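# Fold and contact review
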Amino acid sequence: MRAQPKASHFIAGTWTEDQAGARFDSVFPATGEVVAQLHAATPEVVERAVNAAVAAQKDWAARPPVERGRVLRRAADIIRARNHELSVLETLDTGKPLQETLVADAASGADALEYFGGFAATVTGQTIALGQDMAYTLREPLGVCVGIGAWNYPMQIVCWKAAPALAFGNAMVFKPSELTPLSALALAEILQEAGLPDGVFNVVQGMGDVGAALVRDPRVAKVSLTGSVPTGRKVYAAAAEGIKSATMELGGKSPLIIFEDADLDNAVGAAMLANFYSAGQICSNGTRVFVHHRVKAAFLDKLAARTEAVTMGDPLDEATQIGPMVSERQMAQVLGYIEQGKAEGARMVCGGKREGTTGCFVQPTLFADVTDQMVIAREEIFGPVMAVLDFEDEADVIARANDTEYGLAAGVFTRDISRAHRVVAQLEAGTCWINAYNLTPVEMPFGGVKASGVGRENGHAALEHYTRIKSVYLGLGDVESPY
Ligand code: NDP
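Residues numbered from 1 in each chain as written. Predicted model: local features only at pLDDT ≥ 70, side-chain atom pairs only at ≥ 80, totals over all residues. Heavy atoms only, no water.

## Some remarks on the nonpolar core
Ranked by size, the top nonpolar core spans 69 residues in total, and within it Ile79, Leu113, Leu166, Leu187 and Phe201 carry the most contacts. The element contributing the most residues to this core is helix α6 (residues 154-167), with 10 residues. Ignoring sequence-local partners within four residues, the contact set of phenylalanine 201 consists of Phe10, Val158, Ala162, Leu166, Met172, Phe174, Ala184, Leu187, Ala188, Leu191 and Leu196. (Core = buried A, V, L, I, M, F, W, Y, C linked by side-chain atoms within 4.5 Å. Buried < 20%, exposed > 50% of the residue type's maximum accessible area, 1.4 Å probe, protein only. Helix = DSSP H or I, 4+ residues; strand = E, 2+ residues; numbered from the N terminus. Contact = heavy atoms within 4.5 Å.)

## Topic: the environment of glutamate 480
Residue position: glutamate 480 is located in the segment after β20 (467-474). Residue glutamate 480 is classed as exposed on the basis of its relative accessible area, which comes to 80%. Each C-alpha atom of the pair glutamate 480 and alanine 410 lies 56 Å from the other, and the pair is 70 residues apart in sequence.

## Let's talk about the pattern of salt bridges
This model, assessed by the stated rule, comprises 28 salt bridges. One salt bridge connects aspartate 396 with arginine 400, and the closest N-O pair in it is separated by 3.9 Å. Note that aspartate 396 and arginine 400 are positioned in helix α14 (residues 394-402) at a spacing of four residues, about one turn of the helix. Assessed through its relative accessible area of 15%, arginine 400 is described here as buried. (Salt bridge = Lys/Arg side-chain N within 4 Å of Asp/Glu carboxyl O.)

## Quick look at the site of the ligand
Not every one of the 29 residues close to the ligand is listed here, only the nearest: Glu178, Ser228, Thr231, Leu250 and Glu380. In the model, an oxygen atom of the ligand is placed 3.4 Å from a nitrogen or oxygen of the glycine 206 main chain. Glutamate 380 places a side-chain nitrogen or oxygen 2.6 Å from an oxygen atom of the ligand. Expressed as a share of its isolated accessible area of 910 Å², the protein-covered part of the ligand is 86%. Sorting the residues of the shell around the ligand by element identifies α8 (208-216), β10 (220-226) and α9 (229-241) as the ones contributing at least two each. Each residue belonging to the shell around the ligand can be placed in one class, and the counts come to 13 nonpolar, 11 polar and five charged. (Near = heavy atom within 4 Å. Polar contact = N/O pair within 3.5 Å; in protein donor to acceptor, adjacent residues only side chain to side chain. Areas by Shrake-Rupley, 256 points an atom, 1.4 Å probe, with all protein chains shown as cover. Nonpolar A, V, L, I, M, F, W, Y, C, P; charged D, E, K, R; others polar.)

## Considering the packing of aromatic side chains
Taken as a whole and assessed by the stated rule, the structure comprises 10 aromatic pairs. Both rings, one in phenylalanine 10 and one in tryptophan 15, keep their centres 5.2 Å apart while their planes meet at 85°; by these two values the pair is edge-to-face. For the ring pair phenylalanine 259 and phenylalanine 391, a centre distance of 5.4 Å and an interplane angle of 85° mean the geometry is edge-to-face. Here phenylalanine 391 lies in strand β16 (residues 385-391) and phenylalanine 259 lies in the loop between β12 (255-258) and α10 (264-276), a separation of 132 residues in the sequence. Residue classification places phenylalanine 391 among the buried positions, given a relative accessible area of 3%. One aromatic cluster in this structure is built from Tyr115, Phe116, Phe119 and Phe168. Its guanidinium or amino end placed over the ring of tyrosine 153, lysine 96 lies 3.2 Å from that ring's centre, counting from NZ or CZ. (Phe/Tyr/Trp six-rings, centres within 6.5 Å; stacked < 30°, edge-to-face > 60°. Lys NZ or Arg CZ within 6 Å of the ring centre and 35° of its normal.)

## Here we look at the sheet that holds β20
Read across the open sheet, the three strands follow the order β5-β6-β20; overall the sheet is antiparallel. Only two strands of the sheet have a single neighbouring strand rather than two, namely β5 (127-130) and β20. Between one strand axis and the next, the sheet turns by 20° as a mean value, whatever way the strands run. As judged from the four bridges shared by β5 and strand β6 (residues 133-141), these two strands associate in the antiparallel manner. Opposite leucine 130, over in β6, you have aspartate 133 as the bridge partner. (Pairing = 2+ DSSP bridges. Axes fitted to C-alpha atoms, helices over the stretch in contact; angles between N-to-C directions.)

## A word on helix α12 (residues 328-343)
A rise of 1.5 Å per residue sets the reference length of α12, with its 16 residues, at 22 Å; its end C-alpha atoms lie 22 Å apart and thus fit the reference within 8%. Among the residues making up α12, those that are buried are Gln330, Met331, Val334, Tyr337, Ile338 and Gly341. Buried positions in α12, seen along its axis, are confined to an arc of 125° and lie on one side of it. Facing away from the buried side of α12, by more than 90 degrees, are the exposed residues Glu328, Arg329 and Ala343. Turning to α12, the residues buried within the fold contact β14 (347-350), β15 (365-368), α13 (375-378) and β16. Positive phi appears at glycine 345, one or two residues downstream of α12, with a value of about 95°. (Expected span 1.5 Å × (residues − 1). Arc of directions from axis to C-beta.)

## Let's talk about the packing of α14 against helix α15 (residues 417-426)
For any two helices packed against each other, one specifies the crossing angle of their axes together with the interaxial distance. One can describe the packing of α14 onto α15 by two numbers: an axis separation of 10 Å at closest approach and a directional angle of 35°. In this structure, α14 meets α15 at a crossing whose hand is right-handed. Only Arg419, Arg422, Val423 and Gln426 of α15 make contact with α14, whose side of the interface consists of Glu394, Ile398 and Asn402. In the contact of α14 with α15, the residues fall into two nonpolar, two polar and three charged. (Left-handed = near helix turned anticlockwise from the far one by under 90°.)

## Brief notes about the pairing of β6
Counting the residues in the hairpin turn of β5 and β6 gives two residues, including glycine 131, whose phi is positive at 70°. With eight bridges joining them, β6 and β20 adopt antiparallel strand pairing. Residue pairing in the sheet places alanine 135 in a bridge with tyrosine 473 of β20.

## Looking at the environment of glutamate 193
Mapped onto the secondary structure, glutamate 193 falls in helix α7 (residues 182-193). Other than its neighbours up to four places away in sequence, glutamate 193 contacts Ile78 and Arg82. Among the polar contacts made by the side chain of glutamate 193, one reaches the side chain of arginine 82 at a distance of 2.7 Å.

## So, the sheet that holds β16
Read across the open sheet, the seven strands follow the order β14-β15-β16-β13-β12-β17-β18; overall the sheet is mixed. Every other strand in the sheet has two partners, leaving β14 and β18 (431-434) as the edge strands with one partner each. Direction aside, the axes of adjacent strands within the sheet are offset by 20° on average. In this sheet, β16 lies alongside β15 in parallel orientation, the contact comprising three bridges. Note on β16: the bridge partner recorded for threonine 365 is valine 385. Contacts between α12 and the sheet are confined to β14, β15 and β16, with β15 contributing the most and set at about 25° to the helix.

## Quick look at helix α11 (residues 296-308)
Compared with the 18 Å implied by 1.5 Å per residue over 13 residues, the 18 Å span of α11 between its first and last C-alpha is a close match. Three or more residues of α11 are buried, namely Lys296, Phe299, Leu300, Leu303, Ala304 and Thr307. End-on view of α11: buried residues confined to an arc of 125°, all on one side of the axis. Every exposed residue of α11 that faces more than 90 degrees away from the buried side is listed here: Ala297 and Asp301.

The structure is reproduced here in structure tokens:
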């Protein structure tokens, strides 16, 4: 199986290679097969990419917004027409089951391009009456933006960043995770086919040092990172050094609270989605599942039965529900957490092992009787490991849910509508779901509080993060000067 791109980088509308850059492989994690070989960007390649973005940005920004939007909407149509091919590419790169990538990855990317394509022409400023004089505001693009992606949703991440950036007149240089380098290149080619001028969207490959070089470049106005909290701290500090705008979409250890009056079948389904989708490699996962003690036994029975019935295997088989972890390193990390959970005395209900000997498969794992201080209840595992904790009292569970450095997401299951709203109002999380989990439509702003991040992607909120306001004072009378 090969998914070799024409070259490692896409700069100024041209496939670009520089073999002097360190070689790295894209590996299909289900088998360990190398599907593509690439080179990391050298400093010269990074320089070319930023030059290209600088050269292209002003003309792009000067185009009528409706025209910019049309390019993005055309790209959305192309993505939808090629959904199957792009989904296979995403599956090869990440190991996520085709069952998921067919509906969740390129499809979500296309939604972002369509949404921001439509949004572009609706952006307006304000007029401000000032008596005799007046003022008005203009929404301007920031300039050259850098996007840096994680490996769990490569296509979605690049589209969630590129779509608003480009819609509002910015240019972008994007660096994917070196584990999943392929779909950003596919997007670059599609945007070109849709009519995007050369240089407006560029992709360079590499590790953290390439991302760091991009963020340091004084010509870069903004950085948007999706990644872990430790990387977020470094990138946010580097952005601060250059007084640049920053959006940080970081990790989480989100609570999912299931009250005694919840529809248990729905709650079980949501808890599984919140822990096992993408083999648990989702930042907003509800990995601390607080279950009211009165329904705990019934909840665990249903959950164990449904978890034991999931189909794990070849992610290219559409019947497969859970695929491998993205890498051996990630698998080792997740298995380490499982051992730690056992050692700390959490009760293993099912799973708990590597599956087979080929590929990076970890069984969906369910721990019950987890307590707040256990490592598996405090640290982001980023794998298919669910921790079920008990609670009795509403105020107490809210306090426990908030007792974490993270604040990305949270979920509440209850049939009591007053309680649902009362509880989410008190949860320290950027994104909350009531009787649902992990749905992230492009219309809804997404992002975290506390260590989980700064800024928002998607929805109208994205406008604030990819534009700046210019205020213009218009003097309509004589200048009153004391001199
Ligand atoms: P990392 O933080 O390791 O990496 C994220 C990206 O940053 C990668 O492209 C990485 O390059 C790059 N990078 C690393 N160091 C630097 C640096 N000093 N300067 C600039 N760029 C750098 O995250 P993972 O890829 O391991 O992704 C998993 C993490 O992402 C999880 O913690 C998860 O919670 C979080 N995440 C958050 C989401 C959100 O929206 N809140 C969504 C998805 C994931 P490379 O790795 O190629 O060396």
